[in-house]
Amino acid sequence: MLALILLFPLLGFLINGIWYAFFQSDEKAKKASAQVTGAIATGAIFCSFLVSLFLFIKLQSLEPAVRYFDQIIFSWIKLEGFNLNFSLRFDPLSSLFCMVITGVGSLIHLYSIGYMSDDKTPGKYFAYLNLFCFAMLVLVTSTNLPGIFLGWEGVGLCSYLLIGYWYDDIEKAKAGKKAFIVNRVGDLGFLLGMFFIFSVFSTFEISVIQTAISEKSALSLFSTVELTSITIICLLLFVGCIGKSAQIPLYVWLPDAMAGPTPVSALIHAATMVTGGVYLISRLNFLYVLSPVAMEVVAWVGGLTALFAATIAIAQTDIKKVLAYSTVSQLGYMFLACGVGAFGAGVFHVITHAFFKALLFLGAGSVIHGLHHEQDAFKMGGLKLKMPQTYLVFGAAFLAICGIPPFSGFFSKDEVLWKTFSSPNGSNILWVLGMLTAVMTAFYMTRLFSLTFLGEHRANAAKAHESPKVMIYPLYVLAFLSVIGGFIGVPHFNWLEHWLSPVISTAGFEAVVPHSYEWLLMALSVLGASVGIFLGFKTYKNFSGIDPIEKHASGLFKTLTNKWYVDEIYEFLIIKPLLAASKFCWKIIDVALIDWVVLGFGRASFWVGQSVRPIQTGSVQFYLFMMLIGLLITLGYIYVAVV
Amino acid sequence: MYVEPWLVLSFSAIIFLIGLFGLVVRRNILVILMCIELMLNAVNLTFVTYSTILQDLTGQMAVFFIITVAAAESAVGLGLVIALFRTLRSVDTKNISLLRE
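Procedures and definitions
Residues numbered from 1 in each chain as written. Chains lettered and ligands numbered in written order. Predicted model: local features only at pLDDT ≥ 70, side-chain atom pairs only at ≥ 80, totals over all residues. Helix = DSSP H or I, 4+ residues; strand = E, 2+ residues; numbered from the N terminus. Buried ≥ 20, exposed ≤ 12 C-beta atoms within 10 Å, placed from the backbone. Contact = placed C-beta atoms within 7 Å. Expected span 1.5 Å × (residues − 1). pLDDT = per-residue confidence, 0-100. Axes fitted to C-alpha atoms, helices over the stretch in contact; angles between N-to-C directions. Parallel < 35°, antiparallel > 145°, perpendicular 65-115°, else oblique. Left-handed = near helix turned anticlockwise from the far one by under 90°. Pairing = 2+ DSSP bridges. Nonpolar A, V, L, I, M, F, W, Y, C, P; charged D, E, K, R; others polar. Domains from an automatic or database assignment. Core = buried A, V, L, I, M, F, W, Y, C linked by C-beta atoms within 7 Å.

Draft legend 1. Region of interest: the overall build of chain B. On a plain count of helices and strands, chain B comes out with 3 helices and 0 strands. In chain B, the succession of α and β elements from N to C terminus is α-α-α. Structurally, chain B occupies a C-alpha span of about 50 × 25 × 25 Å along its principal axes. Here chain B, with 101 residues, has 9% of them falling under the buried criterion. Counted over contacts in chain B with a minimum sequence separation of 6, partners at least 24 positions apart contribute 45%.

Here's what the structure looks like:
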């Protein structure tokens, strides 16, 4: 039963993939329509969603201690004294992720049918989309680290394929390459962490590691060496998470990932891929809680990323770039939550973020579709009248991400901020970081919203048209979820925390400040969001083509537009030296040294051949004469030797 | 009439050397073939002589073999010469060096 969740997307991938590869890839072949291929892909992922839902309901009836389904698919690696199965586990944590991936994934697939209707190769597109979901499902259901790594690499591959989907455009192909290479840096950390785990625990199975640790921690038998190695493991795995979940310093690939089709951005940012890092840390929370150092690092990286990305988002004009930096910023929140020990709050934010960010991206996609691939928010404006439905749902997502109650974003963001403030691992500075980010988030989202939908029509915005129904309906579903999604984690009636309790223990992270503060903080975060929104509306009310911030602080604005010049710094510090080193290896070591030696052998034998060539006269008589002399010498030698 | 064996052996040795000399110095293929015949027959003579001296018929048997092989060899050799002449219009070994370059 459990395997079906994975099987459906895989099947969809195979059908569309084989169909495309063998019957449509030819230049002259008739291409399947987006409707047919899209229906197959959407159907596949939706079936997977139904299975997840069914298993999720079945899970409710089990006792908390045994609340999981296990299934061994096949024996993967079998060696003397080492056995690795490809096995799956469906427990409270993975059930939530499965439902988000397949649920939001289905809506994105459905939406893609409309968005990709005039694409040339929809078969390929939908095959990749299914494979993407499959890889992500492998990531969240595997019981052991190699299985997770398989999914981890799978989403990396699919992101590369989909970001560079329109590879005719060299910039887009480069963006795909960048995503892949930057992810590779993180993957190295993951891989090393995995090996380290094996060397310490001699197993890859997460449940076995957990048992080993819980037995020990009951007796507090950890030696300093063991604690150090656990810290190293956690930090190495976190490097993997930094890469996959786009945190400082490896976040640079995510904004560039906007080169892909917009539904792909929605899929990467909301349902799959970037949440992988949060999942991994939540899954291994029992390891992380043993290492205060690693927790501290996670929290700080998360908090700083949240603030840093929010500042960049303020000055971007591309509607998708703003959303991309907001994703990086929101992911920072999730890691902040994980870092202060509130893994449940991190997962909560993953879920609500999946709803409203998918909605934001798909709404932006609808705008881009309606404006014939115009992405510059400065060239929009006044779309409220032209695209009333998109306006409505985008508004819901906008309020959700700003954190206005009772929209979903409010609950999860508030939970994160409260835990940051109250947890023994948290601190006031981290809370201030989070709070500043919240204000900025409200500000830049208001800016985007105002520039896009309000005010006067600019450029060609007057010619915009509303998107087809197949694109609008998924938006309504997501809007509904964005509005009510937060109620799974209402403070004091926190269903989510309770549900996750078999996997994520909250012991040791109880609030150290009085609960009365919670209401105060809640009021503060609403106030912060309101201030941000107010400022945003005030600043961009009479927008006239030049950003007001640019008018008043052009230097700062320029720095922010250029993303703090991080790409340029990387170019200078890493890419240039790397290219120079590669060029040295190529020109000096390879061409000048190795090639010289290898070609030298060739040249030497050629020279020897040339110099002994004259003795081959081609005259039969000469050969005969030589034969005779040889014969005589041989005979003479025998004569001398014998007699 | 009785002939001294050493006379016969010397004679055959001389014939053999004449053949060998011709083989090395002459350029006409027909002559080269004739020289080979000469050498073969010199060997035959030696065989027969030793057969008589040693009173052993094996030597004479070898002679028959050589005569047969020599006949076959001259048939093939002359065939080759004809083929060569057809392609090269020459039977001079100076001109038969196609494999040199």
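That was the structure; now back to the text.
Draft legend 2. Spotlight on the overall build of chain A. Each helix and strand counted, chain A has 26 helices and 2 strands in total. Here the C-alpha coordinates of chain A stretch approximately 120 × 70 × 50 Å along the principal axes. Considering chain A as a whole, with its 643 residues, one finds that 50% of them fall into the buried category.

Draft legend 3. Spatial organisation of helix H1 (residues 5-25) of chain B. If you check H1(B), its first and last C-alpha atoms are 30 Å apart, about what 21 residues at 1.5 Å a residue would give, namely 30 Å. Check the buried side of H1(B) and you find it contacts helix H26 (620-642) of chain A together with helix H2 (29-54) of chain B.

Draft legend 4. Quick look at the confidence of the model for chain B. Taken over all residues, the pLDDT of chain B has a mean of 90, while the share at 70 or more is 98%. Taken together, the chains of this predicted complex give a pTM of 0.80 and an interface ipTM of 0.80.

Draft legend 5. Inspection of unusual backbone geometry at higher detail. Residues and elements named next belong to chain A. Look at the link from Ile248 to Pro249: it is a cis peptide, with omega at 5 degrees. Looking along the chain, the bond that leaves Pro405 and enters Pro406 is cis, with omega of 0 degrees. Take Pro406: it is sitting in the loop between helix H17 (388-402) and helix H18 (408-422). For Ser202, which is not glycine, the phi torsion reads 55 degrees and is therefore positive.

Draft legend 6. Representation of the environment of Ser619(A). By secondary structure assignment, the location of Ser619(A) is in the loop between helix H25 (566-612) and H26. Given 15 C-beta atoms within 10 Å, Ser619(A) falls into the partly exposed group. For Ser619(A) and Leu129(A), which are 490 residues apart along the polypeptide, the C-alpha to C-alpha distance reads 74 Å. Those residues in contact with Ser619(A) that lie beyond four places of it in its chain are Thr93(B), Lys94(B) and Ser97(B).

Draft legend 7. Summary view of the packing of helix H8 (residues 224-244) of chain A against helix H11 (residues 275-283) of chain A. All names here are of chain A. Contact geometry of H8 with H11 gives a least axis separation of 7 Å together with a crossing angle of 155 degrees. Here H8 lies roughly antiparallel to H11, going by the angle between them. The hand of the H8/H11 crossing is left-handed. Contact residues: Leu237, Cys241 and Lys244 in H8; Gly276, Gly277, Leu280 and Ile281 in H11.

Draft legend 8. Seen up close, helix H2 (residues 34-60) of chain A. Residues and elements named next belong to chain A. For H2, spanning 27 residues, the distance from its first C-alpha to its last is 38 Å, which sits close to the expected 39 Å at 1.5 Å a residue. Taken together, the buried positions of H2 are occupied by Ala34, Thr37, Gly38, Ile40, Ala41, Thr42, Ala44, Ile45, Ser48, Phe49, Val51 and Ser52. Where H2 is buried, its residues meet helix H1 (2-24), helix H3 (92-115) and helix H4 (122-141).

Draft legend 9. Geometry of the pairing of strand S2 (residues 82-90) of chain A. Residue and element names in this part refer to chain A. The pairing of strand S1 (residues 69-79) with S2 spans 9 bridges and is antiparallel. The partner of Asp70 across the bridge, within S2, is Arg89. The antiparallel pairing of S1 with S2 creates a hairpin that spans 2 residues between the two strands, and Gly81 there sits at a positive phi of about 75 degrees.

Draft legend 10. Fine view of the interface of chain B and chain A. Taken together, the contacts link 9 residues of chain B with 8 residues of chain A. Of the residues assigned to the side of chain B that touches chain A, the class counts are 4 nonpolar, 2 polar and 3 charged.

Draft legend 11. Region of interest: the domain arrangement of chain A. What the domain assignment lists for chain A is domain 1 (291-561) and domain 2 (567-642). Each of domain 1 of chain A and domain 2 of chain A was reduced to a C-alpha centroid, and the two centroids are 68 Å apart.

Draft legend 12. Structural context of the nonpolar core. Counting residues in hydrophobic clusters, the biggest one holds 196 residues, and the most contacted among them are Ile101(A), Phe132(A), Met136(A), Leu137(A), Ala358(A), Leu359(A) and Ala397(A). Top contributing element to this core by residue count: helix H15 (residues 343-370) of chain A, with 16 residues.

Draft legend 13. Seen up close, the packing of H4(A) against helix H5 (residues 145-163) of chain A. Residue and element names in this part refer to chain A. Here H4 crosses H5 at 155 degrees, and the two axes come no closer than 7 Å. Put simply, H4 runs roughly antiparallel to H5. In terms of crossing hand, the pair formed by H4 and H5 is left-handed. Of the residues in H5, those touching H4 at Tyr128, Leu131, Phe132, Ala135, Met136, Val138 and Leu139 are Gly147, Ile148, Leu150, Gly151, Trp152, Gly154, Val155, Cys158, Leu161 and Leu162. In terms of residue class, the contact of H4 with H5 is built from 14 nonpolar, 3 polar and no charged.

Draft legend 14. Main features of the environment of Phe56(A). Residue and element names in this part refer to chain A. Mapped onto the elements of the fold, Phe56 is located in helix H2. A residue is classified by how many C-beta atoms lie within 10 Å of it, and Phe56, with 15 of them, is partly exposed. Considered as a pair, Phe56 and Phe361 are 305 residues apart in the sequence and their alpha carbons are 27 Å apart. For Phe56, the residues in contact, after removing those within four places along its chain, are Ser95 and Met99.

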